[in-house]
Amino acid sequence: MKASKIFLIIPLLALLNSCTKTSDLVPKDYSEINPNIFPRSASDLEAMVNACYYPLRGAYGDGIFSTSENGVMFVADATTEILHGKYGPQGSASLHNFRSDDPAFTRYYDVFYNKISRMTQTIDLIQNSTVSDELKKKSIAEVRCARALMAYTLFDLYGPIVIAPLELLKNPLQEAPLARLTNQEMVDYITADCEAAAADLPDPANAAYGRFSKALAIMINIRLNLHEKNWAKVVTLSNEVIAFNYFKLDADYKAMWDLEGAKASGEVIWAIPCDYAGTSENQWQLMVLPSNFAPKGGYGTISSTWWFYDRFEAADKRKEMLITEYTGTDGITYNRSSPGAYLDWGPIPLKIAQDAERTSGLTTVDIVMYRYADILLSKAEGIANAGAPTQEAMDLVNVVRARAGLPAKLLANYSSLDSFNDLILLERSHEFWCENGQYRADLIRHGKFVSRAQEVHGSTFTGPNKVVYPFSLTAVAEGKGVFIQNPGYN
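Here the structure is a predicted model, which means the values were calculated and not measured.

**Student:** Would you explain the overall build of the chain in this entry?
**Tutor:** If you tally the helices and strands in the chain, you get 18 helices and ten strands. In terms of C-alpha radius of gyration, the chain reaches 22 Å, essentially the compact-globule figure of 23 Å for 490 residues. Long-range contacts, defined here as pairs at least 24 residues apart, represent 71% of the contacts in the chain between residues at least 6 apart. Summed over its atoms, the accessible surface of the chain is roughly 18900 Å², and 52% of this surface lies on carbon and sulfur atoms. Side chains of the chain give 46 positive and 56 negative charges; the mean places of these two sets differ by 1 Å.

**Student:** Explanation requested: the packing of helix H4 (residues 103-127) against helix H5 (residues 133-158) in the structure shown.
**Tutor:** Helix-helix packing is described using two parameters, namely the angle between the two axes and the distance between the axes. Two elements in contact, H4 and H5, have axes whose closest approach is 9 Å; the angle formed by their N-to-C orientations is 160 degrees. Relative to H5, H4 is oriented roughly antiparallel. For the crossing formed where H4 meets H5, the hand is left-handed. Class assignment of the residues belonging to the contact of H4 with H5 gives a composition of 17 nonpolar, five polar and five charged.

**Student:** In this structure, what is going on with the layout of surface pockets? I would like to understand it.
**Tutor:** It is the rolling of a water-molecule-sized probe over the atoms that shows where space remains empty. A volume near 790 Å³ is recorded for the largest pocket. Elements that contribute at least two residues to the lining of the largest pocket include exactly H4, helix H6 (166-169) and helix H18 (473-478). Here the element with the most residues in the lining of the largest pocket is H4; it accounts for eight residues. Split into classes, the residues belonging to the lining of the largest pocket amount to 15 nonpolar, seven polar and four charged.

**Student:** Sorry, what's going on with helix H14 (residues 391-403) here?
**Tutor:** In this model H14 runs 18 Å from its N-terminal to its C-terminal C-alpha over 13 residues, within 8% of the 18 Å that 1.5 Å per residue would give. Those residues of H14 lying buried are Ala393, Met394, Leu396, Val397, Asn398, Val400, Arg401 and Arg403. Residues of H14 that are buried make contact with strand S10 (367-371), helix H13 (372-386) and helix H15 (417-432). The positive-phi residue at the C-terminal boundary of H14 is Gly405, with phi of around 80 degrees.

**Student:** In this structure, what is going on with the packing of aromatic side chains? I would like to understand it.
**Tutor:** Each aromatic ring pair is specified by the distance between its two centres and by the angle formed by the two planes. All told, the structure shown has 20 aromatic pairs when counted by the stated rule. Considering the side-chain rings of Phe98 and Phe105, the 4.9 Å spacing of their centres and the 50 degrees angle between planes classify their relative orientation as tilted. Note on accessibility: Phe98 and Phe105 belong to one class, buried. Judged by centre distance (5.0 Å) and plane angle (70 degrees), the ring pair of Phe98 and Tyr469 falls under edge-to-face.

**Student:** Explain the side chain of Arg147 here, please?
**Tutor:** Along the chain, Arg147 falls in helix H5. Arg147 sits in the buried class, given a relative accessible area of 8%. Aside from chain neighbours lying at most four places away, what touches Arg147 is Ile116, Met119, Thr120, Ile123, Tyr189 and Asp193.

Reading guide: rules and limits
- Residues numbered from 1 in each chain as written.
- Predicted model: local features only at pLDDT ≥ 70, side-chain atom pairs only at ≥ 80, totals over all residues.
- Heavy atoms only, no water.
- Helix = DSSP H or I, 4+ residues; strand = E, 2+ residues; numbered from the N terminus.
- Rg over C-alpha atoms; globule rule 2.2 N^0.38 Å.
- Contact = heavy atoms within 4.5 Å.
- Areas by Shrake-Rupley, 256 points an atom, 1.4 Å probe, with all protein chains shown as cover.
- Lys, Arg positive; Asp, Glu negative; His and termini not counted.
- Charge placed at Lys NZ, Arg CZ, Asp CG, Glu CD.
- Axes fitted to C-alpha atoms, helices over the stretch in contact; angles between N-to-C directions.
- Parallel < 35°, antiparallel > 145°, perpendicular 65-115°, else oblique.
- Left-handed = near helix turned anticlockwise from the far one by under 90°.
- Nonpolar A, V, L, I, M, F, W, Y, C, P; charged D, E, K, R; others polar.
- 1 Å grid on protein atoms, 1.4 Å probe; cavity = no way out; pocket = protein on both sides within 12 Å on 5 of 7 lines; lining within 4 Å.
- Points joined across faces, edges and corners; volume = space filled by probe spheres on them.
- Expected span 1.5 Å × (residues − 1).
- Buried < 20%, exposed > 50% of the residue type's maximum accessible area, 1.4 Å probe, protein only.
- Phe/Tyr/Trp six-rings, centres within 6.5 Å; stacked < 30°, edge-to-face > 60°.

Here's what the structure looks like:
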């Protein structure tokens, strides 16, 4: 790519503005951009910023948060007890059979790592533009938030990655293979973006639906500090979100995944708007509903596990979207004792509204990525692990449990750190199943990722090295000896 060009494929505006009519949407291709004349106006900046949202949407081919087998959540939750796959990427995921020659696990890096470089170039173009400083500040904050989210997502999956410096990006004809960052360099990079974005993004009350806010930038930083077990920082950051005095738990857990649920929610920190047109796709009904499901089925590509389902308390409202019985279009009733081909491993993990009148395999149910419940449970975990379980930490857990229709837990029964962390893991799995795939990182953080795959899925492929995915053989080869593969992979 020549230094004088930056290729930006602009997402259709329905991704970002639910009020836009589909008939008004026209994609724009800002190719062959000359940095000497672009950007000059607010609309130029808007186009460039929108392009940075584009890879973070749900889309089968080029959206990292697709709800298909090409998306982070689908594959990540399949590595845990939440989902079980019998074949394909989901089958390999359940067994932790990750291989460097399998694009199901290498694709996230290969397809998306260069988006970070694109965002870096975009920031530079904005900084050197002729628009007002206020517009620059707002636009750069959104791009840095997008870059932080993409960088954290890849870091969580692979460990440290290559981050190309701007100087090299400005001289693309200079061949210079790059090594992966160290862990600390990676953490520092994401932290800098999160903090800069949080400083200049709008408060959540002033952020348009589907756009980034200060709260999202802080939430990404919380996930990063959970990853690094910086417990005190987790508490501090959680308090910053609480201090907005904007978010609250929705009274109805299921309603957040209704057709307009995320838009109406006081709990959702960030959701990805979806539509039937495929601007941003939600394919979850297509992925999980059996072909004989009435009134509208899908491919039935994956199920939950009975192991997971049996750990819910009887009154837990959060398990109501796990479908344990249905009567098929063939007139046969399927359940645990008569499972057929779909319920043998576990219930159907629908999570979102059936949207039975949808006009295609897609749905308009938005992809909920981060919620206020995560702030409360993250703070509880941070408090306990920074010292010891306290009543404050337990109270935070109990707030989330109360919304699920469950009685309060007593601190006296979870006074040891191990028992409290087991409780946190259980609550996180029940609260966040089939959302953004973060429970995989939760299991890794508490040292249960490998043992859970062995216990639930009977994996003989898993091991300590499987806490990160492999890089592709191509990525390693192009690194010319300075790009090192993750341990345990060829």
